[in-house]
There are 2 protein chains.
Amino acid sequence: MTTISEVAKAAGVSVSTVSHVLNKTRYVSPEKVKLVIESVEAIGYIPNTVARSLKLSSTGTVGLAISAISNPYFSDIICAIEAECSKRGLIAFLCDTQDDPVRELELIQHLHQRRVDGIILAPSGDPKKALDYLIRSDLPCVLVDRLSDNRFDQVGTDNVAAIRTLVDHLVTLHHRRVGIILGQPGFATTVERAKAFRAAMTEKGIEVEDNLISDGNRSTADATASTHRLLGLKEPPTAILASNNLAMIGAMRAIRERKLRVPADISVLGIDDFEWADYFEPRLTLMAQPCDEIGRRAADLLIERIGNKRRPRETIRLSPVLRVRESCGEAA
Amino acid sequence: MTTISEVAKAAGVSVSTVSHVLNKTRYVSPEKVKLVIESVEAIGYIPNTVARSLKLSSTGTVGLAISAISNPYFSDIICAIEAECSKRGLIAFLCDTQDDPVRELELIQHLHQRRVDGIILAPSGDPKKALDYLIRSDLPCVLVDRLSDNRFDQVGTDNVAAIRTLVDHLVTLHHRRVGIILGQPGFATTVERAKAFRAAMTEKGIEVEDNLISDGNRSTADATASTHRLLGLKEPPTAILASNNLAMIGAMRAIRERKLRVPADISVLGIDDFEWADYFEPRLTLMAQPCDEIGRRAADLLIERIGNKRRPRETIRLSPVLRVRESCGEAA
DNA sequence: GAAAAAAACGATTGCGCAAACGTTTCGATG
DNA sequence: CATCGAAACGTTTGCGCAATCGTTTTTTTC
């Protein structure tokens, strides 16, 4: 591996001249510039970012600590973050926390050892230790999706609006018995959506039975089981609200297993849009979260904070949009 | 930020003792070990991986240069790579080449500057410059999905088997006029699948009309347009083979726009499975690619090569599996 | 009990680079 | 034609660490 001093030797100049030519950090005469550039080419010199980072104590890297990176919701966010970072000259380390608080803390410490300039985190269901560590270490960090601590910059969906819009839609179609399949317990999104559901229903003058609320669905399999339970009730709901994409897939499985027609026998709607939702039956009525903007804004906020650690915290709630299709019909 | 020498001072030992305690690289008496560990805790020392990397000239990082990172096929592969790397103590930089050869080369050079230990690349449609650079720089690299150059280790799906199985299935159901929606031109997968399709059809004694083969579909929109063209033929195909997930979404859109029933009016099948394929209509007959294993094996191969640059190259073709559902019926 | 070997640890160097600091040259100024 | 200042470049240091080399002390051996 070649070094800057080999270039200097080949060009017959000093290392600082080479450095200044490469970084354009001070005036160098055109002849020497030419010499340096030719030597770089001739030798095949590739600057060593590691050494540069050590000297500058800044790496130009950010850590992405996200759960379930293959979930399309998160992969869209990751894609947007990558794009924005790339545009700003940063590069991202990708880590999957697998929603394990222990792993989450370890990953953050690992990223810290690697001296990332900042971290974008989708907090686990029990993120206290990780978040405390981040605060203590004064590492720039923004939280995405699960907005669980306003000691940080945060970007996510306006879950209250999302649920309220969905409930509005349901009530307009005369649904009163609505079952909800919530996500993983502890997640800020789960908590917010549960609370928003109760509030929105109450606002509509509808009493919410506890057994219509299904919490703790960590997987599509959980969601399937929960949906079976709801549909097996003496008085089953007329509609099912799936509070995320995994819950929806799981719910649809249970509905299929019971050979129910959507929306004739049961109405279905949920949160998280699918690219194919328009082309397959039942065509799902869904709230689309603005994944691209979430990712972009998260990266922007992080870059801002890296630039100024003392700026005021921001929490950004982006509006989701309802895509009315056909899976939610009139209540019987 | 604390350093190893501050720890040494606090513990009343030398920096080398601290280093050896932290890395367990030589015997240190229990008392000094205790002193060091206590000082680390007291000071809140976090080792600096950047400095360590400079000294060791090895960073413990790998670069992931992949296109369309939000495509579920790739995000599954990325997820598997991340998992395997993490298990082996490596961490991955995530980069989206966006299938742009210029960007591809720049990203690889950038990763090289960062002194990644190796690279996993899904080559673009015109990867020559990038691949030549990789060879010249002697950077460990494995190619995934698009197996375009056996100067490298490679891992992907056995596309010949995939297409042959699909064609077998079609012929069993008496389809003879089959339209195929191919992916992006230039991709090794596209080329292989096109060739395999012609070969498999010929093997069955079926002549393939050129206008049933639709190349150059870079997006779902392209695939929709291509499908419209196929369906608008005087003598349209009785079945459509979508050669990847984007092509399938696009094809289904066109089919819906024409209000055709699947499989009554037109049969459909393709490559790339979807998690929801069992629960929505039409239930798609698909070849599932082994994304998890592709990712895992790619990471394994890369780690092997990092360990021994002179080992023989390997090309691994993994078998896909056909999931027969209902979208492909008997030909009219 | 002297020599040798082993045990335990410390001082120092160099990884590749950016930039602070220093030096030389040359034209402008009084 | 001395003096100054600016232009152009070189010398050197230190970022934090691993590990080589070296030192001191203790233990073993005959």
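One can find the structure itself at the top, above this paragraph.
Okay, so let's go over this structure. Note that this is a predicted model, so its numbers are computed, not measured. The numbering scheme is per chain: residues are counted from 1 as the chain's sequence reads. As they are written, the chains are lettered A onward and the ligands numbered 1 onward, keeping that order. Reporting of local features is limited, given that this is a predicted model, to residues whose pLDDT is at least 70; pairs of side-chain atoms are given and counted only at 80 or more, and all residues count toward the totals for whole chains, interfaces and linings. Hydrogen atoms and water are omitted, and side-chain values are computed over all heavy atoms in the structure.

## Structural notes on the overall build of chain A
Put simply, the test is: Labels follow the DSSP assignment, with helices taken as runs of H or I lasting at least four residues and strands as runs of E lasting at least two, numbered in each case from the N terminus. Each radius of gyration is computed over the set of C-alpha atoms, and the globule rule expresses the reference value as 2.2 Å times the number of residues to the power 0.38. For every residue, the accessible area (1.4 Å probe, protein chains only) is compared with the maximum for its type, and the residue is labelled buried under 20%, exposed over 50%, or partly exposed between those bounds. In what follows, residue pairs with any heavy atoms lying within 4.5 Å of each other are defined as contacts. Each accessible area value is a Shrake-Rupley result obtained with a 1.4 Å probe; residue values ignore everything except the protein chains displayed when judging cover. Here the positive residues are Lys and Arg and the negative ones are Asp and Glu; neither His nor the chain ends is included. Each charge is placed at NZ for Lys, CZ for Arg, CG for Asp and CD for Glu.
Counting its secondary structure elements, chain A contains 12 helices and 12 strands. The C-alpha atoms of chain A give a radius of gyration of 26 Å, which is well past the 20 Å a tight globule of 332 residues would have. Counting only C-alpha atoms, chain A reaches 90 × 40 × 30 Å along its principal axes. Looking at chain A residue by residue over its 332 residues, the buried ones come to 56%. Taking the intrachain contacts of chain A between residues at least 6 apart in sequence as the baseline, contacts between residues at least 24 apart amount to 69%. Of the roughly 14200 Å² that chain A leaves accessible, carbon and sulfur atoms contribute 51%. If you average the places of the 43 positive and of the 43 negative side-chain charges in chain A, the two averages end up 4 Å apart.

## Some details on the packing of aromatic side chains
What counts is decided by this rule: Geometry of aromatic contacts follows a simple scheme: Phe, Tyr and Trp rings, the Trp one being its six-membered ring, pair when their centres are within 6.5 Å, and the pair is stacked under 30 degrees between planes, edge-to-face over 60, tilted otherwise. Criterion for a charge above a ring: Arg CZ or Lys NZ at most 6 Å from the ring centre, at most 35 degrees from the ring normal.
In the structure shown here, the tally under the stated rule is 10 aromatic pairs over all chains. Ring geometry for A:W276 and A:F280: centres 6.1 Å apart, planes at 85 degrees, overall edge-to-face. Assessed through its relative accessible area of 5%, A:W276 is described here as buried. Since its relative accessible area comes to 1%, A:F280 is described here as buried. Here the aromatic residues A:F274, A:W276, A:F280, B:F274, B:W276 and B:F280 are joined through ring pairs into a cluster of three or more. A cation sits over an aromatic face here: A:R146 above A:F187, 3.6 Å from the ring centre.

## Some points on the environment of A:L166
Residues and elements named next belong to chain A. In this fold, L166 is placed in helix α8 (residues 159–172). Relative accessible area serves as the criterion here: at 0%, L166 is assigned to the buried category. Sequence separation between L166 and A288 is 122 residues; the distance between their C-alpha atoms is 11 Å. Those residues in contact with L166, other than ones at most four positions away along the chain, are L241, L269, G270, I271, M287 and L322.

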